[in-house]
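Now for the letters of each chain:
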Amino acid sequence: PRLLSQFFFADERLTRVVAEISGLDAELDPQQYLVLLNQLHLSQAHLLAVLEQIMEECIPTERHSRDYLVKFPEELLVDGLGNHMLFAAECLLAGTFPEVEEVDGSQLRPQARNLLCSLELVRTVLREQSLSQPSSYPEPVRAVLVQFDRLFAEFELSYVSSLVTVKSPEEIYRQQEIIVLFCETVERALHLGYLTQEMIDGYEPLLMFTIPRLAIISGLLIYPEGPLSLERSPEEMSRVFSPFHNLLKKIRDLLRVLSVEELCLLERSLCTAE
């Protein structure tokens, strides 16, 4: 059950797979080569998972900040991102530039080299520690882990930033504003009886349409200084709403002529209409 023992066997498996790939002629046996590549992917992912647990146990208060992850597009925040980073680093070090421009690849290569060298040092140090004292983490081990964690985070941020446009602090704040608007909308809808707590607790599918519709009305009339404020230019709004700036103005103008009873009737109808 000791993490260092788990690391030792995960490292043994990875080393064995790499050796098998090195001794195989891919052209003569392409099917076996693909099988080994899949094993390499799985064994590397397992090694990283154990290493992550070790860092959480050994250096929990010294981990490099991962706050930058909120800047990444949601589709990138999936399991296996760390494994993809190692694969990218290996390709960059080999002189290929997967998914990135050649100029960016050249700039990323020193970071890739430092990361992979650090990983090799971590593997060596942890293997030695697992064979001598698998229940302790002396200071040299901690220092190596801290360095690897920092280099990994720095490479991850730099590499992803070269692929996609990461969110600016302003865009992140605008998204937080939208979250608050949706929360206020749900609270108001519960208070007025448009929705029930049972619908929310039961993940009623209709809510996927109802809450955004009600949020638009709330954002235009109830909270006009929030993320749907039309006093802002389209460039100052969240990218979720900025393409619809003119349409939102038309909707707001129509809503303003409704009486309280008519607005209530409209909101109730939006909770049932498909």
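The present account deals with the structure reproduced in this document. (Residues numbered from 1 in each chain as written. Predicted model: local features only at pLDDT ≥ 70, side-chain atom pairs only at ≥ 80, totals over all residues. Heavy atoms only, no water.)

1. Notes on the packing of helix α6 (residues 169–192) against helix α8 (residues 207–222)
- Relative to each other, α6 and α8 sit at 100°, their axes nearing to 9 Å. Judged by the angle between their axes, α6 and α8 are roughly perpendicular. Of the residues in α8, those in contact with Leu181, Phe182, Thr185, Val186, Arg188 and Ala189 of α6 are Ile211, Pro212, Leu214, Ala215, Ser218, Gly219 and Ile222.
- Its residues assigned to classes, the contact of α6 with α8 comprises nine nonpolar, three polar and one charged. (Axes fitted to C-alpha atoms, helices over the stretch in contact; angles between N-to-C directions. Helix = DSSP H or I, 4+ residues; strand = E, 2+ residues; numbered from the N terminus. Parallel < 35°, antiparallel > 145°, perpendicular 65-115°, else oblique. Contact = heavy atoms within 4.5 Å. Nonpolar A, V, L, I, M, F, W, Y, C, P; charged D, E, K, R; others polar.)

2. A look at the side chain of glutamine 44
- Relative to the helices and strands, glutamine 44 resides in helix α2 (residues 30–58).
- Note on glutamine 44: relative accessible area 10%, which makes it buried.
- Once residues lying within four places of it in the same chain are set aside, the contact partners of glutamine 44 are Leu14, Asn83, Leu86 and Glu90. (Buried < 20%, exposed > 50% of the residue type's maximum accessible area, 1.4 Å probe, protein only.)

3. Here's the deal with the layout of surface pockets
- The calculated volume of the largest pocket comes to roughly 500 Å³.
- Glu52, Leu81, Gly82, Phe152 and Glu156 are the residues nearest the centre of the largest pocket, which is lined by 22 residues in total.
- Sorting the residues of the lining of the largest pocket by element identifies α2, α3 (81–93) and α5 (139–163) as the ones contributing at least two each.
- Of all the elements, α2 adds the most residues to the lining of the largest pocket, at seven residues.
- Class assignment of the residues belonging to the lining of the largest pocket gives a composition of 13 nonpolar, three polar and six charged.
- Reported here for the second largest pocket is a volume of approximately 220 Å³.
- Sorting the residues of the lining of the second largest pocket by element identifies α1 (3–22), α2, α3 and α4 (102–132) as the ones contributing at least two each.
- It is α4 that contributes the most residues to the lining of the second largest pocket, four residues altogether.
- For the lining of the second largest pocket, the class distribution of residues is eight nonpolar, one polar and three charged. (1 Å grid on protein atoms, 1.4 Å probe; cavity = no way out; pocket = protein on both sides within 12 Å on 5 of 7 lines; lining within 4 Å. Points joined across faces, edges and corners; volume = space filled by probe spheres on them.)

4. What to know about the nonpolar core
- Of all hydrophobic cores here, the largest spans 44 residues; its most connected members are Leu51, Ile54, Leu115, Leu126, Leu145, Phe148 and Phe155.
- Secondary structure elements with two or more residues in this core: α1, α2, α3, α4 and α5.
- It is α5 that contributes the most residues to this core, ten residues altogether.
- Every residue in contact with leucine 51, bar those within four places of it in the chain, is listed here: Phe7, Leu119, Val122, Leu126, Leu145 and Phe148.
- By size, the runner-up hydrophobic cluster in this structure holds 13 residues, among which are Ile178, Ile217, Leu263 and Leu270. (Core = buried A, V, L, I, M, F, W, Y, C linked by side-chain atoms within 4.5 Å.)

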